[in-house]
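# Observations on the three-dimensional arrangement
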Amino acid sequence: MLIMEPRAFAIEMDTGALRPAERVIRRTLREMRALFADQDAVERILATDGDRLIYEVCLAGIEEAAGQIPYSTTVIQPGRVGDEFHMTKGHFHVLRDRAEIYLGLAGEGHLILQTEDGTARSLSMRPGTVGYVPPHWGHRTANSGSVPFAFLAAWPGEAGHDYGTVEERGFAQILVSRDGRPTLIANPTHV
Ligand code: M6P
Ligand code: ZN
């Protein structure tokens, strides 16, 4: 039996950065290009402005293993690709019956959830909002505000990340700006 040393981490509440972060993952538009619904907008941005940072994940470095509760903070930059808000890649858990907890830290955004049969929901997230991802719901987050949106997430260590299902089929619904409001609409590219 391995006895881990207890550790405290600090979250910079204004930026959402986790310190000390063991690993920081940066996701840019170029590597996420296939996930946005408006492919013309993707090509236009890459051709005129070049690549852009969409979000960063600061991982605490807790092992992804049964019994552990890995956690991270995520900071999504404000902005849109066409009408669609900047968002995370999104995933299901490999073990579908594992849940997850989100806590809004800064800015505002939406937690977008869907089951494998395409049923979709979205939860508005602000600083202090606790969003619960029940078992069986795929999840992604989008920044629907004008400043960076930061949140903390914690999940069972054995859950695993399945990105393939979202990459192959997309989300059934996407979060876009309609009449100045974040609105969930059917994803024209969903399979
Ligand atoms: C949250 C958690 C992480 C996830 C991150 C970014 O912090 O759900 O497990 O990695 O968001 O989301 P994704 O991995 O889908 O890009
Ligand atoms: Zn998850």
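Quick caveat: nothing in here was measured; it's all calculated off a predicted structure.

### Observations regarding the coordination of the zinc ion (ligand 2)
Those donors, His91 (NE2), His93 (NE2), Glu100 (OE) and His139 (NE2), are the protein atoms that reach the zinc ion (ligand 2), and they lie 2.0 to 2.2 Å from it. The coordination sphere of the zinc ion (ligand 2) comprises 4 donor atoms, whose angles at the metal cover 86 to 155°; the geometry is irregular. Along the chain, the residues that donate to the zinc ion (ligand 2) are spaced as H-x1-H-x6-E-x38-H. The exposure classification of histidine 91 matches that of glutamate 100, with both residues buried.

### Section: helix 2 (residues 39-48)
Along an α-helix, residues three or four positions apart point the same way, because every turn accommodates 3.6 residues. Inspection of helix 2 places Ala41, Val42, Ile45 and Leu46 among the buried residues, and these make up the whole buried set. On an axial view of helix 2, the arc spanned by its buried residues comes to 130°, and they lie on one face. Pointing more than 90 degrees away from the buried face of helix 2 are the exposed residues Asp40, Arg44, Ala47 and Thr48. Tucked inside the fold, the buried residues of helix 2 contact helix 1 (29-32) and strand 6 (80-81). Two residues or fewer after helix 2 comes glycine 50, characterised by a positive phi angle close to 85°.

### Remarks on the sheet that holds strand 13 (residues 138-143)
With respect to topology, 3 strands assemble into an open sheet ordered 11-10-13, the strand pairing being antiparallel. If you trace the sheet from one side to the other, it starts and ends with strand 11 (120-125) and strand 13, each paired once. Across the sheet, the mean angle separating the axes of adjacent strands is 20° when strand polarity is ignored. For strand 10 (residues 109-114) and strand 11, the ladder comprises 6 bridges, and the chain directions are antiparallel. Bridging across to strand 11, glutamine 114 finds its partner in alanine 120.

### Some words on the pairing of strand 10
Here is the key point about a regular strand: its side chains alternate between the two faces of the sheet. With 6 of its 6 residues buried, strand 10 lies for the most part within the structure. Side chains of strand 10 alternate between two faces, with Gly109, Leu111 and Leu113 and His110, Ile112 and Gln114 buried alike. Between the end of strand 10 and the start of strand 11, which pair antiparallel, lie 5 residues, with glycine 118 showing a positive phi angle near 95°. Bridge count for strand 10 against strand 13 is 6 bridges, and the pairing is antiparallel. Its bridge partner lying in strand 13, histidine 110 is registered against alanine 142.

### Considering the environment of glycine 131
Inspection of the secondary structure assignment puts glycine 131 in strand 12 (residues 130-133). Separated by 31 residues in sequence, glycine 131 and glutamate 100 place their C-alpha atoms 8.6 Å apart. Residues within four places of glycine 131 in sequence aside, it is in contact with Glu100, Ile101, Tyr102, Leu111, Leu123 and Met125.

About the cut-offs
- Throughout this description, residue numbers start from 1 for each chain and increase along the sequence as written.
- Chain letters start at A and ligand numbers start at 1, both assigned in the order the entries are written.
- The model is predicted, so local features are restricted to residues of pLDDT at least 70 and side-chain atom pairs to those at 80 or more, both for listing and for counting; the totals for chains, interfaces and linings are taken over all residues.
- In computing side-chain values, all of the structure's heavy atoms are included and hydrogens and water are not.
- Note: metal donors comprise N, O and S atoms at 2.8 Å or less from the metal (3.2 Å for Na, K and Ca); water molecules are not included, so apparent gaps in a site are possible.
- A four-donor site is classed as tetrahedral when every donor-metal-donor angle falls between 85 and 135 degrees; four donors are called square planar, and six octahedral, when trans pairs exceed 155 degrees and all remaining angles lie between 65 and 115, with any other arrangement labelled irregular.
- Only protein chains enter the calculation, and the probe is 1.4 Å; a residue is then buried if its accessible area is under 20% of its type maximum, exposed if over 50%, and partly exposed in between.
- Only DSSP runs of H or I with at least four residues qualify as helices, and only runs of E with at least two residues qualify as strands; both kinds are numbered from the N terminus onward.
- The directions considered for the arc are those from the helix axis to the C-beta atoms.
- Contacts between residues were defined by any pair of non-hydrogen atoms, one from each residue, lying within 4.5 Å.
- When DSSP finds two or more bridges between two strands, those strands count as paired.
- In this analysis an axis means a line fitted to C-alpha atoms, helices contributing only their contacting stretch, and an angle means the value between N-to-C directions, from 0 to 180 degrees.

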